[in-house]
Amino acid sequence: MVMTTNAITTANTRSHAHSAGRIDFAKAAPKVFRSLIGFDAAAREGLDPALVELIQIRASHLNRCAYCLHMHTNDARKAGESEDRLHMVAVWREARHFFSARECAALALTEAVTLVADGGVSDDVYAEAAAQFDEQELAHVLSLILTINTWNRIALSTGKVAGTDERK
């Protein structure tokens, strides 16, 4: 679909208007926000930064969170991630050769946890992740999946607009 500049401007205006009147979560609940930042930082400890971004990108795809997807694909690029791999994250099962066994296990676990209401986390998915990560790493991978799902839900419910990364 090709959008004209006017159509893009109209869509962006609607998006900004949609978020009008929504709370600024960081300002409205600063203690909660700081706690989430701490949880997120602790979850990342000891994990490969490329793996962190892949997990965050895949969860953001599944949750349809454009704000976080834009942020984390940019972070991945800045960290040296290839465009090929970034384009393949959404279809990683059909493009496994772009990803390591650890990354595939983490992506499968990300999908299962993110979509937990669709059938839980199967024993097979969990066993594959447990085979690729030691207990501490697995706990951190799970924690990271939980944090990105929380961030996605905050961004979506407060009307965050893709391309307006507010981090400093």
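Residues numbered from 1 in each chain as written. Predicted model: local features only at pLDDT ≥ 70, side-chain atom pairs only at ≥ 80, totals over all residues. Heavy atoms only, no water.

## Details of the side chain of Arg85
As for its placement among the helices and strands, Arg85 is situated in helix H6 (residues 83-88). The exposure class of Arg85 is buried, given its relative accessible area of 14%. Polar side-chain contacts of Arg85 include one of 2.8 Å to the side chain of Glu103. When residues no more than four places from it in sequence are discounted, the contact partners of Arg85 are Leu54, Phe98, Phe99 and Glu103. (Helix = DSSP H or I, 4+ residues; strand = E, 2+ residues; numbered from the N terminus. Buried < 20%, exposed > 50% of the residue type's maximum accessible area, 1.4 Å probe, protein only. Polar contact = N/O pair within 3.5 Å; in protein donor to acceptor, adjacent residues only side chain to side chain. Contact = heavy atoms within 4.5 Å.)

## Side note on the packing of aromatic side chains
Going through the model one piece at a time under the given rule, you end up with two aromatic pairs. Taken together, a centroid distance of 5.5 Å and an interplanar angle of 75° make the contact between Phe33 and Trp151 edge-to-face. Taken together, the residues Phe33 in helix H3 (residues 30-44) and Trp151 in helix H9 (residues 135-157) connect sequence positions 118 residues apart. Assessed through its relative accessible area of 24%, Phe33 is described here as partly exposed. A relative accessible area of 17% means that Trp151 is categorised as buried. Through successive ring pairs, a cluster of aromatic residues spans Phe25, Phe33 and Trp151. (Phe/Tyr/Trp six-rings, centres within 6.5 Å; stacked < 30°, edge-to-face > 60°.)

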